[in-house]
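Here is how the chains run, residue by residue.
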Amino acid sequence: MKKITLVQLKEKHKGVILDIPQGAVLQNKLMSMGIYKGREVTKISYIGLKGPVAIKVGRSVMVLGYGMANKIIVETQ
Amino acid sequence: MIKKIFLAGNPNVGKSVIFSRLTGVQVISSNYAGTTIELMRGFLKIGEEEIEVIDLPGTYSFEPNSKSEEVAVALLKEQHKDEFIVINIVDSTNLERNLYLTLQLIEEGLPVLVALNMCDEAQHHGVAIDSQKLSQLLGVAVVPTCAITGLGIKTLLGEINQVKLISRPPVSHRQRWEEIGVIVGQAQQLSHRHHTLRELLEDASVRPFSGFFIAIFVTVACFAVVRFIGETLITRISDPIFFNLYQPLLNKLSLALGQESFIHHLLIGDLINGAIDFRQSLGLLTTAPYIEFAMVLPYIISFYFVLGLLEDIGILPRLAMLLDNILHRIGLHGFAIIPVLLGLGCNIPGILATRNLESKRERFIASTLISIGVPCVALQAMIVGLLGSFSGFYVAGVYLVLFVIWLVLGTILNYFMKGYSPELLMEIPPYRIPSLQTLLRKLFLRIKGFLIEAAPIVLLGVLLVNILLYLKLFDFFTGITAPLMHGLFGLPKEAVVALAMGFFRKDVAVGMLMPLALTIKQTFIAVVLLAVSFPCVATFFVFFKELGLKALLKAALVMISVAIITGGLLNLLMR
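Source: prediction; values computed, not measured.

1. Some remarks on the confidence of the model for chain A
Note: predicted coordinates in regions of low pLDDT should not be interpreted at a detailed level.
Moving on, step 1. A residue-level look at chain A finds 100% of positions with pLDDT of 70 or above and a mean pLDDT of 87.
Moving on, step 2. Within chain A, strand β4 (residues 53–57) of chain A carries the highest mean pLDDT (91), whereas helix α1 (residues 24–32) of chain A carries the lowest (83).

Below is the structure:
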């Protein structure tokens, strides 16, 4: 088990969210979109050069800006 | 008695399509989050009764996390509970995520009816939902619908008066997701499907290399298709109508009126080499309709057809992801590409769509850049018509100059304006095959909007200019501005009349340049000036309404500076 950020997580790999950036409004917003501590997500892609990250949450694809994705810590195999 | 129906649901689940179905009011729908930016209201007739239907902007939760959610929450909380119901529209292909809002609405004690929308698409995806089981688990009625075809809408209407209030204890966010897991586990069955071509394309378009490759291909293809459809409409339809059918009639009228009369001057304008010239005569019945119907309208049709396709397929959110990085450098984030693309049609919907951007700073930067560096399709059509006759090279040059202005001005605004750019956070919809019917309806709606808004202003503008020209009232004005026009921009003093006309309609303004017999350099500079100086008065007004007087004055200052600097530089640098 490794703890890495969403940016570092490899494409097509799964990870369980351990930590989410601070801020009540942002956390609520992410929560309502299904992104919360304990949730398993699958990385789809990272655009590179500090661009956004796409992940699959349940059946939806979500795109998160680099700053946000870099603060989301996941646990993976 | 029920007096109001609120339509609530996650973004991009088809609320607007259901709204159109219920009320008959045609609204624009697309395949991305945030198409509806304001509350839409309409009326549903059941027998003798009229029920007001309100389409709320899409939201993921019943908590005021953003401006549009605040509005929705506040509105629902102030209603009397026995006088309204909420139809919660749920995307069946994505039941789990949608139920979060559903449970919140039920926990709030609101009278909820669930429409399980896009049920046909769910089947294609191998998703089977037992709506009776779901209804049992939720405690509210659930009706499967397919808004695009109209399936299930009648059943939905039948349930409207049967909605009962139930109580469900509020739970924590985490518990709610756990409950949803249990509900979805019981009511939904997934059958495994192999990866389809569509899924492969979906994946490829959000990956670094393939994504950019697809984006560039799509952009180039779009330009080519817009150009092809526009030109075909002009050469095959509008030009033959004007030259073969309309011109003979006008020739007779011209003879009957006599060249020297004031009426002839107003209606027909000046004869060029003894004949009516649709591009140069500048009459109410000649140049005015020719510009609008034969030069601009064909491109309006082709542009909005292609934009509608892009919107409904779901390419725009993917473009937003790819461009996020670059747009961050000019103080925006990826989503800003959507207002910009809408602005290429008309700046007004572009500026309105900046409501989806979170901060006031972002809205100011995006709106200012749209007003300055995004030419509307009417202006673009005229640029192609005027400069294209010299060479396509100059047309490309205009876009290049505008792009450089974008980057430079964006970087400057980002550097000097206080605040920060929020991060991108959005959902990417699946690719969908657009329905031709929806596409054509949307196209029709936009063309109608253009005709209603543009035609009267064009006629009025040409009328006004003609009267002023006839009375030689411009001479004083052109006299004072001559040093600026000639010294700084290298333009003849009469060009100022066209530039001033740009404040009313950009397309007519370019039309007024045509009789001036400008050199290619002068034409280029005048066209760029028209693009980057003030937007038309309608855009100005919307800018003021959306961002306030202070922001407008700031933006106007930027516009004047950009126009003077760009025009002066081009005059110095071009040979």
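2. Regarding the sheet that holds strand β5 (residues 112–117) of chain B
All names here are of chain B.
Moving on, step 1. On the basis of which strands lie adjacent, the open sheet formed by 6 strands has the order β2-β3-β1-β4-β5-β7 and mixed pairing. Looking at the sheet topology across the chains shown, the edges are occupied by β2 (40–46) and β7 (142–144). Strand after strand, the sheet turns through a mean of 25° between neighbouring axes, direction not considered.
Moving on, step 2. Where strand β1 (residues 4–9) and strand β4 (residues 84–91) come together, 6 bridges link them in parallel fashion. Residue pairing across strands places G9 opposite I89, the latter belonging to β4.

3. Observations regarding the interface of chain A and chain B
Moving on, step 1. Listed by partner, the interface residues are 27 residues for chain A and 28 residues for chain B.
Moving on, step 2. Contributions of two or more residues to the side of chain A that touches chain B are made by α1, β3 (40–46), β5 (60–64) and α2 (66–69) of chain A.
Moving on, step 3. Tallied by class, residues from the side of chain A that touches chain B come to 14 nonpolar, 10 polar and 3 charged.
Moving on, step 4. Bridging between β5 of chain A and strand β9 (residues 425–428) of chain B involves 4 bridges; their strand directions are antiparallel. Residue pairing across strands places L64 of chain A opposite L425 of chain B, the latter belonging to β9 of chain B.

4. Re the nonpolar core
Moving on, step 1. In terms of nonpolar packing, the biggest core is built from 178 residues, with L7, A526 and V527 of chain B touching the most fellow members.
Moving on, step 2. Looking at this core element by element, the count peaks at 13 residues for helix α11 (residues 287–313) of chain B.

Rules and cut-offs
- Residues numbered from 1 in each chain as written.
- Chains lettered and ligands numbered in written order.
- Predicted model: local features only at pLDDT ≥ 70, side-chain atom pairs only at ≥ 80, totals over all residues.
- pLDDT = per-residue confidence, 0-100.
- Helix = DSSP H or I, 4+ residues; strand = E, 2+ residues; numbered from the N terminus.
- Pairing = 2+ DSSP bridges.
- Axes fitted to C-alpha atoms, helices over the stretch in contact; angles between N-to-C directions.
- Contact = placed C-beta atoms within 7 Å.
- Nonpolar A, V, L, I, M, F, W, Y, C, P; charged D, E, K, R; others polar.
- Core = buried A, V, L, I, M, F, W, Y, C linked by C-beta atoms within 7 Å.
- Buried ≥ 20, exposed ≤ 12 C-beta atoms within 10 Å, placed from the backbone.

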